[in-house]
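An overview of the molecular structure
Spelled out, the chains give:
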Amino acid sequence: MSSDRPKFYITTAIDYPNSRPHIGTAFEKIGADAQARFRRMHGYDVHFLMGNDENTIKVDQRATELGLGPKAYVDDMALQFRQVWSDLNVSNDDFIQTSEPRHHDGCRKFIQAVYDAGYIFKKAYTGLYCNGCEAFKTEKELENGRCPNHQGQELKRIEEENYFFRLSAFGDRLLAHYRDNPDFIQPESRRNEVYNLVESGLQDVSITRKGFSWGIPVPFDPEQTIYVWFDALLNYITALGYGSDDETRFEKYWPADVHVIGKDITRFHCALWPAMLMAAGLPLPKSVYAHGFVYNKGQKMSKSAGTAIDPMTVYRTYGADPFRYYFLKECVFGGDGNFSEERFVELYNSDLANNLGNLYSRTLSMCVRYFGGNLEGSAAIDPVDWREGLDLDALAAELEGLVGTFEFSQALVTIWSRVLDTANRYVQNTEPFKLIKTDPDATKVVLANMADALRVVAILIKPFLPATAEIFYRAFNFEDAEPWSTVRYPSIARPPMNRPDWTVTAPLADGKPFPLFPKIQPPKES
RNA sequence: GGCGGCGUGGCUCAGUGGUAGAGCAGCGGUCUCAUAAUCCGCGUGUCGGGGGUUCGAUUCCCUCCGCCGCUACCA
């Protein structure tokens with residue numbers, strides 16, 4: 001089973017199970033998924049990890065409120081998260097919960113290794129403790145000298161011995177690493193932020209807490225548990241079996257090729273995490289990609305009008321692909337974006353219904369109507385006509401560059417403008433619906449070209465709209481020429497060798513294909 | 001406060017030292033295979049305000065206004 005295929009290990013941030021998945025977290029998973037699917041298509045041995053972050057005090061509190069044990073609570077939440085990701089067609093290979101034994105085992109091994117290396121020390125920590133939050137507060141957080149969330153309570157000055165990680169020892173090494181690996185932090189705009197931060201000097205950080213039962217006990221001092229941030233980052237290696245009896249997967253996939261995270265947690269991933277790995281003597285991830293946030297603009301506006309819709313219900317109504325398309329096209333991955341129902345409908349109708357879905361419909365309809373679905377002799381037709389002016393080799397290469405660097409929006413814009421528009425224009429210019437009256441053979445040539453266009457589109461949208469892509473590919477018997485599982489972007493450049501005559505294999509009703517994206521009536525202005 | 005970014009037609013954005021561009025929306029036309037889709041045509045926008053450099057700036061510099069990010073422990 002082992003192969004010489006290059007491996008590609010991609011992760012997303014693990015989520016707090018305090019609340020349900022929202023558009024922000026969905027944005028991250030969808031982007032990572034597009035990348036994972038793209039890499040799989042192109043021969044990488046991909047391992048795609050997601051998970052939930054469960055060793056927090058709040059989880060314990062919330063579970064208690066619900067009258068549940070913390071484990072029962074997080075397991076139930078994990079089930080719900082996994083269901084949403086599955087509904088969105090997110091193709092993660094693994095899902096780790098940090099309450100799992102494999103995570104605990106790995107964390108213990110890791111913290112012990114860092115301890116043995118001399119980067120962990122015990123220090124008395126004095127701080128203002130809020131009973132309401134069960135947490136220490138910094139001076140900055142206070143309002144009127146009290147916790148902003150619990151103004152009725154006095155803060156207690158508590159002195160506690162905690163273990164600290166000697167983060168301060170890694171500043172120079174981190175800076176050197178950023179310099180030697182310019183692609184470590186992406187996108188570019190995040191790079192200076194982190195660099196400035198580290199350059200300004202790092203402080204040692206407390207990495208354990210005393211007196212909590214929910215969490216991972218420190219192996220060299222069982223009265224303490226590992227503080228959530230220190231353990232959370234470790235999911236990227238514990239999920240691979242680090243610290244277990246069998247570390248072959250860890251050895252195979254680590255270091256990660258990219259950690260996909262939100263921009264708010266950049267510093268943890270670009271400073272703390274690499275320092276932790278250095279301390280433990282492990283290789284550093286190759287890159288960290290910090291995506292932007294998606295704001296729920298439409299929600300805010302319509303809330304007062306009483307017509308609020310939860311964007312997370314959109315995929316249930318319109319399907320996962322339109323949902324995915326919206327975020328991948330409308331929101332530049334490295335920057336911030338907005339969700340609004342109005343914009344969703346606009347994009348859905350214009351890009352998906354009018355361009356993509358309609359090309360599918362008109363192609364199949366004419367094939368069925370004029371030739372009973374069988375383009376006899378089409379194997380001998382070289383579909384060069386619709387491609388005139390298109391350099392598909394160059395296009396494939398250009399798109400590979402864009403997708404590989406998370407420029408999904410630009411990639412989709414390019415596919416639509418260069419391929420879909422070209423195909424629709426080709427139909428308009430050749431007018432097969434007129435040609436059929438005078439020259440069936442010429443018409444067949446046009447339709448064979450259109451079939452080829454569908455094949456090309458199917459391949460190009462595969463990482464983004466996996467369900468639609470497959471429907472396109474199954475519209476004709478393309479599978480007989482090249483299996484869907486092995487198509488790659490370069491496959492678009494030329495039709496498969498030894499292809500059969502194309503035959504419509506799409507499901508039909510009354511000789512017509514089903515509308516892939518039924519138009520949505522625009523929401524009424526109020 | 002410091003560092004960085006942004007402010008371009010209704011919306012989302014691209015762009016260059018030398019007559020301002022795209023997509024969507026809108027308007028008009030066309031075709032009829034198709035989900036009233038496609039295709040063609042249509043935008044006199046002070047390129048945030050002001051100043052400067054220049055033969056000439058939206059593009060370079062300064063300043064002002066507005067918005068945003070980061071500014072080290074709890075996603």
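Residues numbered from 1 in each chain as written. Chains lettered and ligands numbered in written order. Predicted model: local features only at pLDDT ≥ 70, side-chain atom pairs only at ≥ 80, totals over all residues. Heavy atoms only, no water.

**Remarks on the pairing of strand β3 (residues 94–97)**
As a reminder, the rule being used: Buried residues are those whose accessible area, probed at 1.4 Å on protein chains only, stays under 20% of the maximum for their type, while exposed residues exceed 50% and partly exposed ones sit between those limits. Helical segments are the DSSP runs of H or I of at least four residues, strand segments are the runs of E of at least two, and each set is numbered from the N terminus. Note on pairing: DSSP must find at least two bridges between two strands before they are called paired.
What you see with β3 is no split at all: Asp94 and Ile96 on one side and Phe95 and Gln97 on the other are buried throughout. Where strand β2 (residues 45–52) and β3 come together, four bridges link them in parallel fashion. Residue pairing across strands places Met50 opposite Phe95, the latter belonging to β3.

**Details of the nonpolar core**
Spelled out, the test is: Within this scheme, the nonpolar core is defined by two criteria: the residues are buried Ala, Val, Leu, Ile, Met, Phe, Trp, Tyr or Cys, and they are joined through side-chain atoms within 4.5 Å. By the convention used here, residues are in contact when the closest approach between their heavy atoms is within 4.5 Å.
Core analysis: the biggest nonpolar cluster contains 109 residues, and Leu88, Phe327, Leu356, Trp416, Phe464, Phe476 and Tyr489 have the highest contact counts within it. For this core, the element with the highest residue contribution is helix α14 (residues 341–371), accounting for 14 residues. Aside from chain neighbours lying at most four places away, what touches Phe476 is Thr363, Leu364, Cys367, Leu375, Ala451, Leu454, Trp502, Thr503, Val504 and Thr505. Core analysis: the next-biggest nonpolar cluster, separate from the first, contains 58 residues, Leu49, Tyr236, Trp254 and Leu284 among them.

**As for the pattern of salt bridges**
Note the cut-off: Take a side-chain nitrogen of Lys or Arg and a carboxyl oxygen of Asp or Glu: if they are within 4 Å of each other, that pair is a salt bridge.
On inspection of all chains with the given rule, the structure shows 29 salt bridges. When the shortest N-O distance is used, the salt bridge between Glu28 and Lys29 registers 2.9 Å. For the residue pair Glu28 and Lys29, the accessibility class agrees, reading buried in each case. The network of salt bridges with common partners includes Lys7, Asp257 and Lys286.

**So, the confidence of the model for chain A**
Worth spelling out the cut-off: pLDDT expresses how confident the predictor is about each individual residue, on a scale running from 0 to 100.
When pLDDT is averaged across chain A, the result is 89; 91% of the residues are at 70 or more. β3 holds the highest mean pLDDT among the elements of chain A, 98, whereas helix α11 (residues 297–303) holds the lowest, 43. Here the predicted complex scores 0.92 on pTM and 0.87 on ipTM.

**Some remarks on the packing of aromatic side chains**
Two aromatic rings, taken as a pair, are described by how far apart their centres are and by the angle between their planes. Quick reminder of the rule: For Phe, Tyr and Trp, rings pair up if their centres lie within 6.5 Å, where Trp contributes its six-membered ring, and each pair is then called stacked (planes under 30 degrees apart), edge-to-face (over 60) or tilted (otherwise). Our definition puts a charge over a ring when NZ of Lys or CZ of Arg is within 6 Å of the ring centre and also within 35 degrees of the ring normal.
Counted by the stated rule, this structure contains 47 aromatic pairs. Measuring from centroid to centroid gives 5.8 Å for Phe8 and Tyr44, while their planes differ by 65°, and the two rings are edge-to-face. Placement of the pair is Phe8 in strand β1 (residues 7–12) and Tyr44 in the loop between α1 (23–41) and β2, with a sequence separation of 36 residues. When its relative accessible area of 6% is taken as the criterion, Phe8 is described as buried. Look at Tyr44 and you get partly exposed, because its relative accessible area is 25%. Ring centres 6.3 Å apart and planes at 65° place the aromatic pair Phe81 and Trp85 in the edge-to-face group. Within this pair, Phe81 and its partner Trp85 are both found in helix α3 (residues 70–87), separated by four residues, close to a single helical turn. A cation over an aromatic ring shows up here: Lys123 above the ring of Phe164, its NZ or CZ 4.5 Å from the ring centre.

**Some thoughts on the sheet that holds β2**
The test is simple: Note on method: axes are straight lines fitted to C-alpha atoms, helices fitted across the in-contact stretch only, with angles between N-to-C directions ranging 0 to 180 degrees.
Within the open sheet, the six strands sit side by side as β3-β2-β1-β12-β13-β7. Their pairing is parallel. The open sheet has two edge strands, β3 and β7 (185–186), and neither has a second partner. Taken together, the two bridges between β7 and strand β13 (residues 288–291) define a ladder with parallel strand orientation. Looking at β13, one finds that Gln186 is bridged to Tyr289. Against the sheet, α1 contacts β1, β2, β12 (258–262) and β13, and its axis sits at roughly 165° relative to β2.

**A closer look at helix α13 (residues 320–330)**
With ten of its eleven residues buried, α13 lies for the most part within the structure. Within α13, burial applies to Ala320, Asp321, Pro322, Phe323, Arg324, Tyr325, Tyr326, Phe327, Leu328 and Lys329.

**Quick notes on the sheet that holds strand β11 (residues 221–226)**
Spatially, β9-β11-β10 is the arrangement adopted by the three strands of the open sheet, whose pairing is antiparallel. Strand pairing shows two members of the sheet lacking a second neighbour, β9 (208–210) and β10 (217–218), which therefore form its edges. Sheet topology places β9 next to β11; three bridges connect them, and they run antiparallel. Among the inter-strand pairings, Lys210 is bridged to a residue of β11, identified as Gln224.

**A few points about the packing of α13 against α14**
Selection criterion: In these notes the angle categories are as follows: under 35 degrees is roughly parallel, over 145 is roughly antiparallel, 65 to 115 is roughly perpendicular, and the rest is oblique. Note on residue categories: nonpolar means Ala, Val, Leu, Ile, Met, Phe, Trp, Tyr, Cys or Pro, charged means Asp, Glu, Lys or Arg, and polar means any other residue, Gly included.
One can describe the packing of α13 onto α14 by two numbers: an axis separation of 10 Å at closest approach and a directional angle of 100°. It follows from the interaxial angle that α13 and α14 lie roughly perpendicular. Taken together, the residues of α14 that come into contact with α13 (itself represented by Pro322, Phe323, Tyr325, Tyr326, Lys329 and Glu330) are Arg343, Phe344, Leu347, Tyr348, Asp351 and Leu352. When the residues that make up the contact of α13 with α14 are grouped by side-chain class, the tally is eight nonpolar, no polar and four charged.

**What to know about helix α18 (residues 440–461)**
For the record, the criterion: Expected helix span is computed as 1.5 Å times (number of residues minus one).
With 22 residues, α18 ought to run about 32 Å at 1.5 Å a step, and its terminal C-alpha atoms sit 31 Å apart, in line with that. Within α18, 18 of the 22 residues are buried, leaving the element largely enclosed by the surrounding structure.

**With respect to the side chain of Gln35**
This is how it is decided: N or O atoms within 3.5 Å of each other form a polar contact, as long as, within protein, one can give a hydrogen and the other can take it, and as long as residues adjacent in sequence are counted only when both atoms are side-chain atoms.
Summarising the element assignment, Gln35 is placed in helix α1. Accessibility expressed as a relative area gives 0% for Gln35, which makes it buried. In this structure the side chain of Gln35 is engaged in a polar contact, spanning 2.8 Å, whose partner is the backbone oxygen of Val403. Beyond its immediate sequence surroundings of up to four residues, Gln35 is in contact with Phe8, Ile10, Val403, Gly404, Phe406 and Phe408.

**Quick word on the packing of α1 against helix α15 (residues 392–404)**
This is how the line gets drawn: Note on convention: near helix rotated counterclockwise from far helix by under a right angle means a left-handed crossing. Clockwise means right-handed.
Close contact between α1 and α15 brings their axes to 10 Å; oriented N to C, the two are set at 135°. With respect to their mutual orientation, α1 and α15 come out oblique. For the crossing formed where α1 meets α15, the hand is left-handed. Each of Gln35, Phe38 and Arg39 in α1 lies in contact with α15, whose residues at this interface are Glu400, Val403 and Gly404.

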